[in-house]
Amino acid sequence: MGKLLFEKTTEEGGERKIYFTSYLRTDFVERSLVVTLRKNNTVKDIFLSSYHFGSVEWKSGIGLVEPRLWESEEQAVSPSYLTRRYTVRMANGPADTNLAVEKMIPDVLDNMENRKFAETISSILVTKKSMKKIENWS
């Protein structure tokens, strides 16, 4: 298991996205963190994904939303319309916010190489709204 490392930034419509990723192999993401910044570098959204537990999003003004679980191995191989078309595990169901706080978020943030950035993100995730500016991430 590798540490999440800064991978890239993208810009679109005045927003910047910062990507941190760890890989199980070169073509398979283990964990990811995507932070969307407004023009003034304040955090708009944060998306965290853990191969082991699922994914969750934080939106400024709302807080944590849409924690999702990955389907089980049994569900992934069961015959259905989707599995005939898509042969991958999918986020198939809502998760409890407690699971996001206790498992998903720590799995991502505890595995970041940049500890200071992880602490900054952690302090934002416990709030519903943040005007914290992100200036340095690499």
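Scroll up for the structure.
Below or above, wherever it landed, is the structure these notes cover. What you see is a predicted model, and the numbers here were worked out from it, not measured in a lab. (Residues numbered from 1 in each chain as written. Predicted model: local features only at pLDDT ≥ 70, side-chain atom pairs only at ≥ 80, totals over all residues. Heavy atoms only, no water.)

### Description of the overall build of the protein chain
Phase 1 of the analysis: Within the protein chain, the secondary structure is distributed over four helices and seven strands.
Phase 2 of the analysis: Its helices and strands in sequence order give the protein chain the pattern β-β-β-β-β-β-α-α-β-α-α, from N to C terminus.
Phase 3 of the analysis: The proportion of buried residues among the 138 residues of the protein chain is 38%.
Phase 4 of the analysis: Across the protein chain, every contact between residues at least 6 apart in sequence was considered, and the portion connecting residues at least 24 apart equals 42%.
Phase 5 of the analysis: As displayed, the protein chain offers around 8400 Å² of accessible surface, 51% of which is attributable to carbon and sulfur atoms. (Helix = DSSP H or I, 4+ residues; strand = E, 2+ residues; numbered from the N terminus. Buried < 20%, exposed > 50% of the residue type's maximum accessible area, 1.4 Å probe, protein only. Contact = heavy atoms within 4.5 Å. Areas by Shrake-Rupley, 256 points an atom, 1.4 Å probe, with all protein chains shown as cover.)

### Examining the pairing of strand β2 (residues 15-25)
Phase 1 of the analysis: As paired elements, strand β1 (residues 5-12) and β2 share seven bridges and run antiparallel to each other. By the bridge assignment, threonine 9 is partnered in β2 with isoleucine 18.
Phase 2 of the analysis: Connecting β1 to the antiparallel partner β2 that follows it, the hairpin turn spans two residues, and glycine 13 within it adopts a positive phi of roughly 60 degrees.
Phase 3 of the analysis: Of the pairings in the sheet, the one linking β2 to strand β3 (residues 28-37) comprises nine bridges and is antiparallel in character. Within β3, the position partnered with serine 22 by the bridge is arginine 31. (Pairing = 2+ DSSP bridges.)

### Observations regarding unusual backbone geometry
Phase 1 of the analysis: Positive phi, normally seen in glycine, also occurs at asparagine 41, with a value near 70 degrees.
Phase 2 of the analysis: Its location among the elements puts asparagine 41 in the loop between β3 and β4 (43-50).
Phase 3 of the analysis: Residue asparagine 41 is classed as buried on the basis of its relative accessible area, which comes to 14%.

### Structural notes on the packing of aromatic side chains
Phase 1 of the analysis: One pass over the structure, following the stated rule, counts three aromatic pairs.
Phase 2 of the analysis: Judged by centre distance (5.9 Å) and plane angle (70 degrees), the rings of phenylalanine 6 and phenylalanine 20 are edge-to-face. Separated by 14 residues along the polypeptide, phenylalanine 6 in strand β1 and phenylalanine 20 in strand β2 bring together distant segments of the chain.
Phase 3 of the analysis: Take phenylalanine 20: its relative accessible area is 2%, and that puts it in the buried class. (Phe/Tyr/Trp six-rings, centres within 6.5 Å; stacked < 30°, edge-to-face > 60°.)

### With respect to the nonpolar core
Phase 1 of the analysis: Counting 25 residues, the largest nonpolar core has Leu33, Val35, Ile46, Leu48 and Phe117 as its most contacted members.
Phase 2 of the analysis: For this core, the secondary structure elements donating two or more residues are β2, β3, β4, β5 (54-59), α3 (97-109) and α4 (115-125).
Phase 3 of the analysis: If near-sequence neighbours (up to four positions away) are discounted, isoleucine 46 is found in contact with Leu33, Val34, Val35, Val56, Glu57, Trp58, Ile121, Ile124 and Leu125. (Core = buried A, V, L, I, M, F, W, Y, C linked by side-chain atoms within 4.5 Å.)

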